[in-house]
Amino acid sequence: MCRNTVLTKSNNGEKKLQNRHATIFAIYDAEGKIRQNLIEYIVELRKYSDYIILVSDCKIDENEILKISNLVDYTIFGKHGEYDFGSYKRGLQVLRKHPIYKNLDYITFCNDSVKYTGESFEKYFKNKNQSDAYGITISQYAFRLYDENHPMCIQPHIQSYFI
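What counts, and where the lines are drawn
- Residues numbered from 1 in each chain as written.
- Predicted model: local features only at pLDDT ≥ 70, side-chain atom pairs only at ≥ 80, totals over all residues.
- Heavy atoms only, no water.
- Phe/Tyr/Trp six-rings, centres within 6.5 Å; stacked < 30°, edge-to-face > 60°.
- Helix = DSSP H or I, 4+ residues; strand = E, 2+ residues; numbered from the N terminus.
- Buried < 20%, exposed > 50% of the residue type's maximum accessible area, 1.4 Å probe, protein only.

Draft legend 1. Seen up close, the packing of aromatic side chains. Under the definition given, this model contains four aromatic pairs. Ring centres of F85 and Y88 lie 5.6 Å apart, and the angle between their planes is 85 degrees; this geometry places the pair in the edge-to-face category. A residue pair is termed a helical-turn pair when its members lie 3 or 4 positions apart in one helix, as F85 and Y88 do in helix 3 (residues 83-97) at three residues. Here F85 falls in the exposed class, since its relative accessible area comes to 54%. A relative accessible area of 4% places Y88 in the buried class. Ring geometry for Y88 against F109: centres 5.4 Å apart, planes inclined by 65 degrees, an arrangement best described as edge-to-face. With a gap of 21 residues between them, Y88 in helix 3 and F109 in strand 7 (residues 106-111) connect regions that are remote in the sequence. No difference in accessibility class separates Y88 from F109, as the two residues are buried. Linked through ring pairs, F25, Y41 and Y116 together constitute an aromatic cluster.

Next up, the structure:
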């Protein structure tokens, strides 16, 4: 049965931070499944992340949670209708309340809209001290934001699937 579900590991905030890094991972699967490719993606992220929060804009089959329970620290599954940025927001709200938040240097926001290819993420994380923010892809295409008085065109911009 698919339902809204939260998994949290008991952790009093004393977890030793090796990387001083957390990841908020947004996912969506209409069937409420955890796919093998997602598991492999999380395994690779775990090498660089001390704390992983997985947030979904869908319900999950409770048996599926067992596939990731040893890989992530906190999950939120439930329809919220705000897509990836709504999941990022919910994950950040949880993280900001956790005692480790004040000891983090980095937070990665990523989602499952791209397929993990099995490639190491080392090259993305080894130079993280060189920038305040970075992503895997910078789009050269413009998008428009409008308010009533000032239309804006934003170009280039970092793609939100891995920042």
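Structure's up, so let's keep going.
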